[in-house]
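One letter stands for each residue in the lines below.
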Amino acid sequence: MTISTTAYRLLLKLLIRDRVTGSGTLSQHPDTIYVLEKPFTADRLILENRFRKLHSNYRAEQLTAVDNQNPEALRQQIENLAALQRNEPDRDIRLQPIMVLAGHMPTNDKPMLRASLSESWASSGSALRLFKLLLNGRSTLIRIDEPLVLNDLIKPGISDTEVARRAVWVLRTHFQRCRQAILGPDLSHRRTLMQQVLDAPDVGLAITDAALRQGISPQKMERQLADVLSKIMADFNPPTARVLNRLISFLLGRLFSRINIQGTEQIQQLALTHNLVYLPCHRSHLDYILLSWLLYRHGLMVPHVVAGDNLDMPFIGNLLRRGGAIFMRRRFRDDPLYTTVFRRYMMLMMHRGHSIEYFIEGGRSRSGRLLSPKTGLLKMTLEAWSQDTARPMALIPVSISYDRLVEGRSYQRELSGAGKVRENLLSTLKSLRILFQRYGEVSISFAQPIKLEQHPDTPLDQQVNHLGQQVMERINAAFMPSQISLIASLLLSAPGQQMREAELLMRLEELGRLLQQNGASLPNNLPRDWIKAAVQRKQITRGQNAVSLSPEQAAELTFYRNMLMHKLILPGLVLLFQRRLCRSGTSTQTRLIRALYPYIRAELSLPDPQQDQDLLLIRKARENLIQQQLMSIEDEAPPPLSAHLIRLAEPVLLRQYLLIRVLVQLQQTTETELMETTRELALHLHQEYGYAAPEYADQRVFEDITTQLLSQGLILGEPNELRPAQQLSSLIRLGKKLLPDSLVTKADNWLKGA
């Protein structure tokens, strides 16, 4: 080893801060050949340092590279290896692809030194490679994937030359796909993209129609539209994105004690073959910051994020736009020109291969439960893909859960009657005080992807609605319970919202076991650590031997309980029906739960009942309860955790019952009056639980129930004139059997006086 090589290695050791990603780990098999993308000395030494960290080593003949300037050398080497493998079948020769990226961001066409020294699709020499590492070495990514087993390519009748040719093609294609998945497409000049949108035929027709309606020339209309489009379009800037990544790393390190991640491996593999559209749930402004940061850290293309134009503030908006934000008006259904140009821009971005991210719920949930999907952007996505199906596309539902929300207090103020505060620069600067507070853990889980398929015989709107519901169900399925959601579920269902600490610890362990039976992943550490952390965050109050909630804490914790409600509702209903309808058989109880299932599903995004999925889930919930010894017999007090689960299910049933009860009382009403009356009654009754429930101020809590009643034919009419379609007395009688007598009596008395 020369002195210069030793010095080079030491220099790289000081400069490089690498992260490892990909589907594999460095193979320790003696017959492994490590295949780099380029034959750079720097890349070889970076790999060598990685081996040293693993206290391992490799022989010089185990390292090669896909060299575009000399492809014959690699082909000949693999041909020799194929002959060796064929002659010695007991050997297991493998070709493991390894990619080294310095400053893994795409380039744009702006003549900036830093951009020119970023990773790109263009080839570069060894000298330029060194400069890239000098400048961007602290953002070095090493992607290690599963080895290609040479024996899998060796078949009878196929020559060693053909085996080598196929292996080289597989490796080269793999590196190209990795580069696409990590860097994304080359970034064209923003003005070029704008002109492509304006030159599209559908946009031209929309400009002409709008000009005729407004009585101005098409040229003037196009100039006005160019200004509008400029406000929509992202202006992704790699140097800005790198700076933002460092700032976000600092911010998240200050805010959260831990970031839990689940499911990135499947996304890294899917990104090699599909265009990806990320659809996270929306509970906080930190959602899109977290997701973009996480994807960058795991060697995936930074997505362009569709954001509301309320965030397009001075300075902040420009910064977000350079980080990949696409700004969109909150409502533009009545503006056909804006709709056309926005749709065309989104289609262009998807056709070029950019990853896209948007929030299918439309806005942030103030109640903690998922909101019903808003399918406008999803429809644009399906339209864009149906125009060019050559490149497969996949939807990636993403679940995000928090121990404490940065916006928690503002949500409570809004739900208590205060108006929604429009985001501005001043409020953003004021929010810097959050850096001096702690927010516990945050969990991000990638759900099972939805690969788009063609269904020419199914109407587009029907496809979109089905996909929207699928996304919500998979977000819920991937949910990782947070520490505070577990604590909130128990404390809010305890009499007086207080428990002895020893009892709370036991119930948390029991609840954890029940959730694990259903496939949920529990938070790290032990329940006593969860309680300690929640006390430090002032979310709960610890006395000498007990843990309790103040009225303000109880109101706030409804949000976190609601995040977990979809996991607990079926066990709670099974226990509630078994308790209150104990003289009826199991089959009768199951039949009644199935009758309620569509309404519960509408509120909590439960799985589709098709193919008896609801029956299977009810049976599984009952089996898990029996296994955990939570099913009581007649005339015996229910086990403590069972009592908690019953009290968790009651408020959900209460909403359903009250909506039907108010409808029967009014007979004919408007949707607004029905929801407002039900909301006021629910708030009045919730005093029975001992704490306020500001979640009822969120009108969308009742919207999904009303929609389901309409689809089931129990309500007739339009939003301005609703009426019962049939006698609902049987449902009211069932509600009276299931709900506590005090609640039913209180509701009747309130309605008589209303």
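Because the structure is a prediction, the values reported are computed rather than measured.

> Honestly, the overall build of the chain in this entry has me stumped. Any pointers?
Broken down by element type, the chain carries 29 helices and 19 strands. By residue count, 56% of the 754 residues in the chain fall in the buried class. Taking contacts inside the chain between residues at least 6 apart in sequence as the whole, the part at least 24 apart equals 78%.

> Teacher, can you tell me more about the packing of helix α22 (residues 551-580) against helix α24 (residues 613-627) here?
The relative placement of two packed helices is expressed as an angle between their axes plus a distance between the axes. At a minimum axis separation of 9 Å, α22 and α24 run at an interaxial angle of 75°. Here α22 is positioned roughly perpendicular relative to α24, judged by the angle of their axes. For the pair α22 and α24, the contacting residues are Leu570, Pro571, Val574 and Leu575 in the first and Leu617, Ile618, Ala621, Arg622 and Leu625 in the second. Residues that form the contact of α22 with α24 fall into these classes: eight nonpolar, no polar and one charged.

> Which parts of the structure should I look at to understand the environment of Leu630?
Take Leu630: it is sitting in the loop between α24 and α25 (640-666). Along the primary structure Leu630 and Pro640 are separated by ten residues, whereas in three dimensions their C-alpha atoms are 8.5 Å apart. Apart from residues no more than four positions distant in its own chain, Leu630 is found in contact with Leu514, Leu575, Leu625, Pro639, Leu641 and Ser642.

> Sorry, what's going on with the confidence of the model for the chain here?
Low pLDDT marks regions whose predicted coordinates should not be analysed in detail. Taken over all residues, the pLDDT of the chain has a mean of 85, while the share at 70 or more is 89%. Helix α4 (residues 113-116) is the least confidently modelled element of the chain, averaging 42 in pLDDT, while helix α19 (residues 483-491) averages 97, the highest of any element. Every residue in residues 108-117 is under pLDDT 50, and counting partners more than four places away or in other chains gives 26 contacts.

> Help me out: how do you make sense of helix α10 (residues 238-255) in this one?
Two residues of an α-helix separated by three or four positions point the same way, owing to the 3.6 residues in each turn. Taking 1.5 Å as the rise per residue, α10 with 18 residues should run 26 Å; its terminal C-alpha atoms sit 25 Å apart, in good agreement. All of the buried residues along α10 are Pro238, Pro239, Thr240, Ala241, Arg242, Leu244, Asn245, Ile248, Leu251, Leu252 and Leu255.

> Please explain the nonpolar core as it appears in this structure.
Proteins that are soluble and globular tend to have nonpolar side chains buried together. In terms of nonpolar packing, the biggest core is built from 197 residues, with Leu95, Tyr278 and Phe342 touching the most fellow members. Sort the elements by how many residues they give to this core and α22 lands first, with 15 residues. Beyond its immediate sequence surroundings of up to four residues, Phe342 is in contact with Ile232, Val306, Ile326, Phe327, Met328, Phe332, Leu377 and Met380. Counting residues in each nonpolar core, the second largest holds 17 residues, with Ala42, Leu63, Ile98 and Val100 among its members.

> Any chance you could explain the packing of aromatic side chains here in plain terms?
Two numbers describe a pair of aromatic rings. These are the distance of the centres and the angle of the planes. On inspection of all chains with the given rule, the structure shows ten aromatic pairs. Relative to Tyr58, the ring of Phe51 has its centre 5.0 Å away and its plane inclined at 45°; by these criteria the two rings are tilted. For the pair Phe51 and Tyr58, one class covers both residues: buried. Judged by centre distance (6.5 Å) and plane angle (65°), the ring pair of Tyr278 and Phe446 falls under edge-to-face. Of the two residues, Tyr278 is situated in strand β8 (residues 275-280) and Phe446 in strand β13 (residues 441-446); the sequence distance between them amounts to 168 residues. Under the relative-accessibility criterion, Phe446 is labelled buried at 5%. An aromatic cluster of three or more residues is present, and its members are Tyr34, Phe51 and Tyr58. Taking NZ or CZ as reference, Arg404 lies 4.7 Å from the ring centre of Tyr439, over its face.

> Is there a simple way to explain α22 in this structure?
The end-to-end C-alpha separation of α22 is 29 Å, well short of the 44 Å expected for 30 residues at 1.5 Å each. The sharpest bend along α22 comes to roughly 65°, located at Met565. Along α22, 26 of the 30 residues are buried, which leaves the element largely enclosed by surrounding structure.

> How do you make sense of unusual backbone geometry when you look at a structure like this?
Excluding glycine, residues mostly have negative phi values, and the peptide bonds linking residues are mostly trans. Even without glycine at this site, Asn525 takes up a positive phi of about 70°. Following the sequence through the fold, Asn525 ends up in the loop between α20 (501-517) and α21 (527-536). Even without being glycine, Lys538 reaches a positive phi, approximately 65°. Here Lys538 is to be found in the loop between α21 and β16 (541-542). With a relative accessible area of 67%, Lys538 lands in the exposed category.

> Help me understand the pattern of salt bridges, please; the structure alone is not making it clear to me.
Pairing between side chains of opposite charge can happen when their charged atoms approach one another. Applying the stated criterion to the full structure yields 31 salt bridges. We note a salt bridge from Arg165 to Glu162, for which the minimum N-O separation is 2.6 Å. Of this pair, Arg165 and Glu162 both sit in helix α6 (residues 160-183), three residues apart, which is roughly one turn of that helix. A relative accessible area of 46% places Arg165 in the partly exposed class. Residue Arg507 is joined to Glu503 by a salt bridge in which the shortest nitrogen-to-oxygen separation is 3.7 Å. Here Arg507 and its partner Glu503 are both found in helix α20, four residues apart, which amounts to about one turn of the helix.

> Would you explain the sheet that holds β16 in this entry?
Whether parallel or antiparallel, the strands of a sheet pair through hydrogen bonds between backbone atoms. Taken together, three strands build an open sheet; the order of strands is β15-β17-β16 and the sheet is antiparallel. In this open sheet, the two strands that pair with only one neighbour each are β15 (498-500) and β16.

> Looking at this structure, how should I read a positive patch on the surface?
A surface patch of positive charge is lined by Arg330, Arg331, Arg333 and Lys374. Residue class for Arg330 comes out partly exposed when judged on its relative accessible area of 44%.

Thresholds applied
- Residues numbered from 1 in each chain as written.
- Predicted model: local features only at pLDDT ≥ 70, side-chain atom pairs only at ≥ 80, totals over all residues.
- Heavy atoms only, no water.
- Helix = DSSP H or I, 4+ residues; strand = E, 2+ residues; numbered from the N terminus.
- Buried < 20%, exposed > 50% of the residue type's maximum accessible area, 1.4 Å probe, protein only.
- Contact = heavy atoms within 4.5 Å.
- Axes fitted to C-alpha atoms, helices over the stretch in contact; angles between N-to-C directions.
- Parallel < 35°, antiparallel > 145°, perpendicular 65-115°, else oblique.
- Nonpolar A, V, L, I, M, F, W, Y, C, P; charged D, E, K, R; others polar.
- pLDDT = per-residue confidence, 0-100.
- Expected span 1.5 Å × (residues − 1).
- Core = buried A, V, L, I, M, F, W, Y, C linked by side-chain atoms within 4.5 Å.
- Phe/Tyr/Trp six-rings, centres within 6.5 Å; stacked < 30°, edge-to-face > 60°.
- Lys NZ or Arg CZ within 6 Å of the ring centre and 35° of its normal.
- Bend = angle between axes of the 7 residues up to and from the residue.
- Salt bridge = Lys/Arg side-chain N within 4 Å of Asp/Glu carboxyl O.
- Pairing = 2+ DSSP bridges.
- Patch = residues over 30% accessible without salt bridge, like charges linked within 9 Å, V, L, I, M, F, W, Y side chains within 5 Å.
- Areas by Shrake-Rupley, 256 points an atom, 1.4 Å probe, with all protein chains shown as cover.
- Lys, Arg positive; Asp, Glu negative; His and termini not counted.
- Charge placed at Lys NZ, Arg CZ, Asp CG, Glu CD.

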